[in-house]
Amino acid sequence: AIFTEISAGRCEATIRGESMKMLGGLLVIFKLLLLVEQAGACSQLSLVNQNCDSSTGRLKKTSTLNSTYSDNSAATSFPIQSFGVLAEAPVSNYYVRFGLGNDVPTQDAIYSVGLFPSRLTCSGWDGCDSYAEELGVYEAGDRVVVSINATGAVQMHFKSELIKTTASGKAAERDGWFGKLFIYNFNDAVSGVELALFSPSTPPSTPPSLPPSAPSP
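Residues numbered from 1 in each chain as written. Predicted model: local features only at pLDDT ≥ 70, side-chain atom pairs only at ≥ 80, totals over all residues. Heavy atoms only, no water.

Student: Teacher, can you tell me more about the overall build of the chain here?
Tutor: Helix and strand content of the chain: one helix and 18 strands. A separation threshold of at least 6 residues defines the contact pool for the chain, and within that pool the share at least 24 residues apart is 58%. (Helix = DSSP H or I, 4+ residues; strand = E, 2+ residues; numbered from the N terminus. Contact = heavy atoms within 4.5 Å.)

Student: Any chance you could explain the environment of Gly-57 here in plain terms?
Tutor: Secondary-structure assignment places Gly-57 in the loop between β7 (50–53) and β8 (58–61). Assessed through its relative accessible area of 0%, Gly-57 is described here as buried. For the pair Gly-57 and Val-193, spaced 136 residues apart in sequence, the C-alpha separation works out to 5.0 Å. (Buried < 20%, exposed > 50% of the residue type's maximum accessible area, 1.4 Å probe, protein only.)

Student: When you look at the pattern of salt bridges in this model, what are you seeing that I'm missing?
Tutor: Between side chains of opposite charge, a pair can form as their charged atoms come close. If you walk through the whole model with that rule in mind, you get six salt bridges. Asp-108 serves as the salt-bridge partner of Arg-97, at 3.7 Å between the closest nitrogen and oxygen. You can see Arg-97 sitting in strand β11 (residues 96–101) and its partner Asp-108 sitting in the loop between β11 and β12 (111–116), a full 11 residues away along the chain. The partly exposed category is assigned to Arg-97, whose relative accessible area is 22%. Exposure remark for Asp-108: the relative accessible area of 30% places this residue in the partly exposed category. Note that Glu-134 and Arg-119 form a salt bridge whose closest N and O atoms lie 3.8 Å from each other. In this pair, Glu-134 is assigned in the loop between β13 (119–123) and β14 (143–148) and Arg-119 in strand β13, connecting sequence segments 15 residues apart. (Salt bridge = Lys/Arg side-chain N within 4 Å of Asp/Glu carboxyl O.)

Student: Would you mind going over the environment of Ala-140 with me for this structure?
Tutor: Structurally, Ala-140 can be placed in the loop between β13 and β14. Separated by 49 residues in sequence, Ala-140 and Val-91 have C-alpha atoms that sit 9.8 Å apart. Among residues more than four places away in sequence, those in contact with Ala-140 are Ala-87, Glu-88, Ala-89 and Pro-90.

Student: Would you explain the side chain of Gln-81 in this entry?
Tutor: Tracing the chain through its elements places Gln-81 in strand β10 (residues 80–86). Looking at Gln-81, its side chain comes within polar contact range of the main-chain oxygen of Ile-148, at 2.4 Å. (Polar contact = N/O pair within 3.5 Å; in protein donor to acceptor, adjacent residues only side chain to side chain.)

Student: Mind showing me how you'd approach the state of the cysteines here?
Tutor: Covalent bonding between the sulfur atoms of two cysteines defines a disulfide. For the structure on display, the rule yields two disulfides. What pairs with Cys-42 in a disulfide is Cys-52, and their sulfur atoms sit 2.0 Å apart. On the sign convention where negative means left-handed, the S-S torsion of about -70° between Cys-42 and Cys-52 marks this disulfide as left-handed. Taken together, the positions of Cys-42 in helix α1 (residues 39–43) and Cys-52 in strand β7 put the pair 10 residues apart, joining distant regions of the chain. By relative accessible area, which is 10% here, Cys-42 ends up buried. Residue class for Cys-52 comes out buried when judged on its relative accessible area of 15%. Here Cys-122 pairs with Cys-128 through a disulfide, and the sulfurs are 1.7 Å apart. Measuring handedness by torsion sign, the sulfur bridge of Cys-122 and Cys-128 sits at about -60° and is left-handed. On the basis of relative accessibility, which here comes to 0%, the residue Cys-122 falls in the buried class. The buried category is assigned to Cys-128, whose relative accessible area is 0%. Here the bonded cysteines of the chain are numbered in sequence order, and their pairing is 1-2, 3-4. (Disulfide = S-S within 2.5 Å.)

Student: Would you take a moment to explain the packing of aromatic side chains for this structure?
Tutor: Two descriptors summarise a pair of aromatic rings, namely the distance from one centre to the other and the angle between the planes of the rings. Considering all chains together, one arrives at seven aromatic pairs under this definition. Between Phe-116 and Tyr-131, the ring centres sit 5.8 Å apart and the planes meet at 40°, which makes this aromatic pair tilted. Of this pair, Phe-116 sits in strand β12 while Tyr-131 sits in the loop between β13 and β14, and the two are 15 residues apart along the sequence. Across the pair, Tyr-131 and Phe-116 agree in class, each one buried. Members of the aromatic cluster, connected to one another through ring pairs, are Tyr-69, Tyr-95, Phe-116, Tyr-131 and Tyr-184. In this arrangement the basic side chain of Arg-174 is found over the ring face of Trp-177, its NZ or CZ atom lying 5.8 Å from the centre. (Phe/Tyr/Trp six-rings, centres within 6.5 Å; stacked < 30°, edge-to-face > 60°. Lys NZ or Arg CZ within 6 Å of the ring centre and 35° of its normal.)

The structure is reproduced here in structure tokens:
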């Protein structure tokens, strides 16, 4: 892995190969991912009635309307590989939804996590219809991530454990997956927002030719 410093707050970027192949001793990296945390992640999100604190990556609803997701959003305008946040305390009336979906910022994510007052829930995966499934409880500071793995499966991780996954190749059904997050009540929030972005530059689709082998002595 290569670590690159981004000079805003505690922001740090990690570049790593998503898929690799050995060709006659030559390592070819087909995709690069850029992991952007806190300050960098705030700058990558388009916000409507939300505020993002660049020192903590804390997203907070600023609209004074309660009991609605439709008046606010935090969304990416480009495809990403993963979207992760830290939950806040699961108090009464705390509701947050986030995940990966289409490029319409106002529409709920297709694969979405629900941080609800007494439980963790989801939408999109098998058994997760309309945030009905009970996935246990969470505490303030627990990290939840929705991501696409190297086989094209869309997955949900809770405290680094795999909780939900699609079949491999499911992500290929869309040209790209966009991050989005919605908060139900005024002043509720998540923190530690983290995005994994695809590198803007991509290596050539065919590997470079290898030099001719030296003749045997």
